[in-house]
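Summary of the model geometry
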Amino acid sequence: MSYANERRIAELAIQRACLLTERVYNSQVKGTITKGDKSPVTIADFGAQALIISSIAHAFPEDSVVGEEDSSGLRADQSKRDLVWGLVKDTLDATKELTAELGKIKDDEEMLAVIDKGTHQGGSVGRIWALDPIDGTKGFLRGGQYAVCLGFMVDGKVQVGALVCPNLPVDPEKPEGEKGILLSAIRGEGATMRPLSAPSAQGTPISMSSITDFSKARFCEGVEAGHSSHSEQASIAKSLGITAPSIQMDSQAKYASISRGVGEIYLRLPTSMTYEEKIWDHAAGSLIVEEAGGVVTDIYGKELDFTQGRTLKTNKGIVAALKALHPTVLKAVQEELKVSKL
Ligand SMILES: Nc1ncnc2c1ncn2[C@@H]1O[C@H](COP(=O)(O)O)[C@@H](O)[C@H]1OP(=O)(O)O
Ligand SMILES: [Mg+2]
Ligand SMILES: [Mg+2]
Ligand SMILES: [Mg+2]
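It should be emphasised that the depicted structure is a prediction, and the values quoted were computed from it without experimental measurement.

1. With respect to the coordination of the magnesium ion (ligand 4)
Distances from the magnesium ion (ligand 4) to its protein donors, Glu68 (OE), Asp132 (OD) and Ile134 (O), fall at 2.0 to 2.2 Å. Distance-wise, the magnesium ion (ligand 2) is placed 3.4 Å from the magnesium ion (ligand 4), both being coordinated by Glu68. Of this pair, Glu68 sits in the loop between β3 (64-67) and α3 (72-75) while Ile134 sits in strand β4 (residues 127-135), and the two are 66 residues apart along the sequence.

2. Concerning the sheet that holds strand β13 (residues 294-297)
In space, the 5 strands of this open sheet follow the order β11-β10-β12-β14-β13, with mixed pairing throughout. Each having just a single partner strand, β11 (247-248) and β13 make up the two edges of the open sheet. Where β13 meets strand β14 (residues 318-322), 4 bridges bridge the pair, whose relative direction is antiparallel. Its bridge partner lying in β14, Thr297 is registered against Val319.

3. Re the packing of aromatic side chains
Summed over all chains, the structure comprises 7 aromatic pairs. Each ring, one from Tyr3 and one from Phe152, has its centre 5.5 Å from the other, and the planes form 65 degrees; the classification is edge-to-face. Placement of the pair is Tyr3 in the segment before α1 (4-25) and Phe152 in strand β5 (residues 147-154), with a sequence separation of 149 residues. Judged by centre distance (5.7 Å) and plane angle (25 degrees), the ring pair of Phe60 and Trp129 falls under stacked. Note that Phe60 is positioned in the loop between α2 (43-59) and β3 and Trp129 in strand β4, a separation of 69 residues in sequence. Arg127 extends its terminal NZ or CZ atom over the ring of Phe60, reaching a point 5.2 Å from the ring centre.

4. What to know about the environment of Lys89
With respect to the helices and strands, Lys89 occurs in helix α4 (residues 78-94). Taking the C-alpha atoms as reference, Lys89 lies 7.9 Å from Ile105; in sequence the two are 16 residues apart.

5. Thoughts on the site of ligand 1
As a structural note, the neighbourhood of ligand 1 is formed by 15 residues, with His227, Ser251, Lys254, Arg268 and Asp281 the closest of them. Within the side chain of His227, a nitrogen or oxygen atom sits 2.6 Å from an oxygen atom of ligand 1. Ser251 is positioned such that a nitrogen or oxygen atom in its backbone is 2.5 Å from an oxygen atom of ligand 1. In isolation ligand 1 has 560 Å² of accessible area, and contact with the protein removes 87% of it. With respect to the pocket detection grid, ligand 1 is positioned in the largest pocket. At 3 residues, β4 tops the list of elements feeding residues into the shell around ligand 1. Its residues assigned to classes, the shell around ligand 1 shows 2 nonpolar, 5 polar and 8 charged. Here the shell around ligand 1 gathers at least three residues from each of two domains, domain 1 (3-205) and domain 2 (214-337).

6. What to know about the side chain of Ser54
Within the secondary structure layout, Ser54 lies in helix α2. Under the relative-accessibility criterion, Ser54 is labelled buried at 8%. Side-chain polar atoms of Ser54 contact the backbone oxygen of Leu51, separated by 3.3 Å. Excluding its chain neighbours within four sequence positions, the residues that come into contact with Ser54 are Arg16, Leu102, Ile105 and Val114.

7. So, the confidence of the model for the protein chain
Considering every residue of the protein chain, the mean pLDDT works out to 96; 99% of them sit at 70 or more. Here the complex is predicted with pTM 0.97, and the ipTM for its interfaces comes to 0.93.

About the cut-offs
- Residues numbered from 1 in each chain as written.
- Chains lettered and ligands numbered in written order.
- Predicted model: local features only at pLDDT ≥ 70, side-chain atom pairs only at ≥ 80, totals over all residues.
- Heavy atoms only, no water.
- Donors = N, O, S within 2.8 Å, 3.2 Å for Na, K, Ca; no water.
- Helix = DSSP H or I, 4+ residues; strand = E, 2+ residues; numbered from the N terminus.
- Pairing = 2+ DSSP bridges.
- Phe/Tyr/Trp six-rings, centres within 6.5 Å; stacked < 30°, edge-to-face > 60°.
- Lys NZ or Arg CZ within 6 Å of the ring centre and 35° of its normal.
- Near = heavy atom within 4 Å.
- Polar contact = N/O pair within 3.5 Å; in protein donor to acceptor, adjacent residues only side chain to side chain.
- Areas by Shrake-Rupley, 256 points an atom, 1.4 Å probe, with all protein chains shown as cover.
- 1 Å grid on protein atoms, 1.4 Å probe; cavity = no way out; pocket = protein on both sides within 12 Å on 5 of 7 lines; lining within 4 Å.
- Sits in = over half its atoms within 2 Å of the grid points.
- Nonpolar A, V, L, I, M, F, W, Y, C, P; charged D, E, K, R; others polar.
- Domains from an automatic or database assignment.
- Buried < 20%, exposed > 50% of the residue type's maximum accessible area, 1.4 Å probe, protein only.
- Contact = heavy atoms within 4.5 Å.
- pLDDT = per-residue confidence, 0-100.

Put into structure tokens, the structure is as follows:
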């Protein structure tokens, strides 16, 4: 069974949401709220979650959604709620040609209810979407990389992944040139990429870099040292003979980057043994890397298990690399971490 229709709706939904996130990215007003876990959420995260879940509910009314955000921050703050509804309404008005396929939201009450359709607990049964309306909110606030991410799972296995990275260059050779790419994949059918500016273009197939010589390989890692250990990453790079400086960027833009051959390895090294990675942070990106010729496991070498609920509670960290490099990278990770962590 091909999931071409799910991929098409996923692409349209995240592109529509990206019009809203870019408007906020380029505005002074971000409307940031600090959540219970101390992480930031902005009016753009809420607006994008509302638009994307309403698209899924319109196209696939029986499906469930595990989304990062809920409406509690907006229910407690009328002015932010008004700001988000203004953004959502403007975006819907500006994209009327998509209403037949993606539907719309009638008022701010419905918008809050739609955001809360993302509170599903996930699991191993049925059709479930994993949504990160803005991945890398800290990067978004800093003017760095972020991604709008949507994965589609059937019985706990990711079948479709779609990512928009609005600030990655279309041509990696021209970092100051046109920005904004959309990547997607269907399991077993490969991964593709196209510029955001060409919504009706056919995606171009992408594949990981073929560099297998570690002295020429490059790491991608997060900007936030609190999300992944930079010092252990540096020791692992040294032990593998990697000399190039690592490419630092926020969000699943790292998965996007290695899947189109910019960087060969992405590591996410646990900074605490209690943090559980969230399914929406990995569903789309991990499938795109696998379909571009990579292998994605945790630091124990275990496959990512999306059947466990809202988090990857049986996994720790991420090791993503070209198939030919992965066993050696994993061994180096385990040698480095076993003293302090395993
Ligand atoms: N303690 C943590 N360890 C690992 N990842 C975290 C932690 N806290 C937040 N995150 C999530 O890490 C991701 C960003 O990763 P990176 O550092 O690679 O850019 C985001 O999804 C962020 O959530 P959010 O979606 O709220 O931004
Ligand atoms: Mg967040
Ligand atoms: Mg995230
Ligand atoms: Mg997020």
